[in-house]
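Structural description and commentary
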Amino acid sequence: MNDTARILVVDDSKVMRGIIRKMLAAFSGLCVLEARDGKDAWDLLQTEKVDVILSDWNMPRMKGIDLLRLVRADATMSATPFVMVTAEAQDVNHSEADEARVSCYLTKPFTPQALRAVLAPFLPEGCIPPAS
């Protein structure tokens, strides 16, 4: 990973993408890319390399779980950390995502501290803001 970590935020809600972007502003050395659904994210991933994917589960055109499966099936990005950001806390959803090799979950609503904790293992130490 170089000095700038690239994070792809995938959510059909422009407001939610903005909230996440605002939370990520506390981090250092991040480049934040956005996609409005899994299809747009997949198209973007064909030309852009990212270090972490934060994806909503429920979206039109392509759900986050389907994007996760495509990412894991692609040799060039199969090891990319994939965080499922969702209000879906049902065991069946977690089982499905675990089978697809999700890296971790972030359940909505979440705090900046929860986002920090989830991203910390995947980003260079210099990117992580101090715990508050």
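To keep things clear, this report deals only with the structure shown in the data block.

What counts, and where the lines are drawn
Residues numbered from 1 in each chain as written. Predicted model: local features only at pLDDT ≥ 70, side-chain atom pairs only at ≥ 80, totals over all residues. Heavy atoms only, no water. Core = buried A, V, L, I, M, F, W, Y, C linked by side-chain atoms within 4.5 Å. Buried < 20%, exposed > 50% of the residue type's maximum accessible area, 1.4 Å probe, protein only. Helix = DSSP H or I, 4+ residues; strand = E, 2+ residues; numbered from the N terminus. Contact = heavy atoms within 4.5 Å. Arc of directions from axis to C-beta. Axes fitted to C-alpha atoms, helices over the stretch in contact; angles between N-to-C directions. Parallel < 35°, antiparallel > 145°, perpendicular 65-115°, else oblique. Left-handed = near helix turned anticlockwise from the far one by under 90°. Nonpolar A, V, L, I, M, F, W, Y, C, P; charged D, E, K, R; others polar. Pairing = 2+ DSSP bridges. Right-handed = clockwise from strand over helix to strand, strands pointing away. Polar contact = N/O pair within 3.5 Å; in protein donor to acceptor, adjacent residues only side chain to side chain.

**Structural notes on the nonpolar core**
Nonpolar side chains in soluble globular proteins tend to be buried together. Grouped together as the largest cluster of nonpolar side chains are 24 residues, with contacts concentrated most on Ile7, Leu24, Leu54, Val83, Leu119 and Leu123. Taken together, the elements giving at least two residues each to this core come down to strand E1 (5-10), helix H1 (14-24), strand E2 (30-35), strand E3 (52-56), strand E4 (82-86), strand E5 (104-107) and helix H5 (112-119). Ranked by residue count, the leading element in this core is H1, at four residues. Beyond its immediate chain neighbours, meaning those up to four positions away, Ile7 contacts Leu24, Leu30, Cys31, Val32, Leu33, Val52, Leu54, Leu119 and Leu123. In this structure, Leu45, Leu67, Leu68 and Val71 belong to the second largest nonpolar core, which totals 23 residues.

**Focus on helix H3 (residues 64-73)**
When H3 is considered as a whole, its buried residues turn out to be Gly64, Ile65, Leu67, Leu68, Val71 and Arg72. All buried residues of H3 fall inside an arc of 155° around its axis, so they share one side.

**Remarks on the side chain of Ser55**
The residue Ser55 is located in strand E3 in this model. When residues no more than four places from it in sequence are discounted, the contact partners of Ser55 are Val10, Gly64, Leu67, Phe82, Val83, Met84 and Val85.

**Considerations on the packing of helix H2 (residues 38-45) against H3**
Think of two packed helices as two axes; the pair is described by the angle between the axes and how far apart they sit. In the contact formed by H2 and H3, the axes pass within 9 Å of each other and the chain directions differ by 20°. By the angle between their axes, H2 is roughly parallel relative to H3. Of the two possible hands of crossing, H2 and H3 adopt the one that is right-handed. Contacts from Gly38, Ala41, Trp42 and Leu45 in H2 reach Leu67, Leu70 and Val71 in H3. Its residues placed into classes, the contact of H2 with H3 shows six nonpolar, one polar and no charged.

**Some remarks on the pairing of E2**
Of the strand pairs in this sheet, E1 and E2 are connected by six bridges, and their pairing is parallel. Among the inter-strand pairings, Ile7 is bridged to a residue of E2, identified as Val32. Taken together, E1, H1 and E2 constitute a β-α-β crossover, and its handedness is right-handed.

**Considerations on the environment of Leu45**
Structurally, the position occupied by Leu45 is in helix H2. Residue Leu45 is classed as buried on the basis of its relative accessible area of 7%. Each C-alpha atom of the pair Leu45 and Pro121 lies 22 Å from the other, and the pair is 76 residues apart in sequence.

**Quick word on the side chain of Asp11**
Among the secondary structure elements, Asp11 is positioned in the loop between E1 and H1. Of the polar contacts made by the side chain of Asp11, one reaches the backbone nitrogen of Ser13; its length is 2.8 Å. Reaching out from Asp11, the side chain makes a polar contact with the side chain of Lys108 at a distance of 3.2 Å. Residues within four places of Asp11 in sequence aside, it is in contact with Met16, Arg17, Ala35, Arg36, Asp56, Met59 and Lys108.

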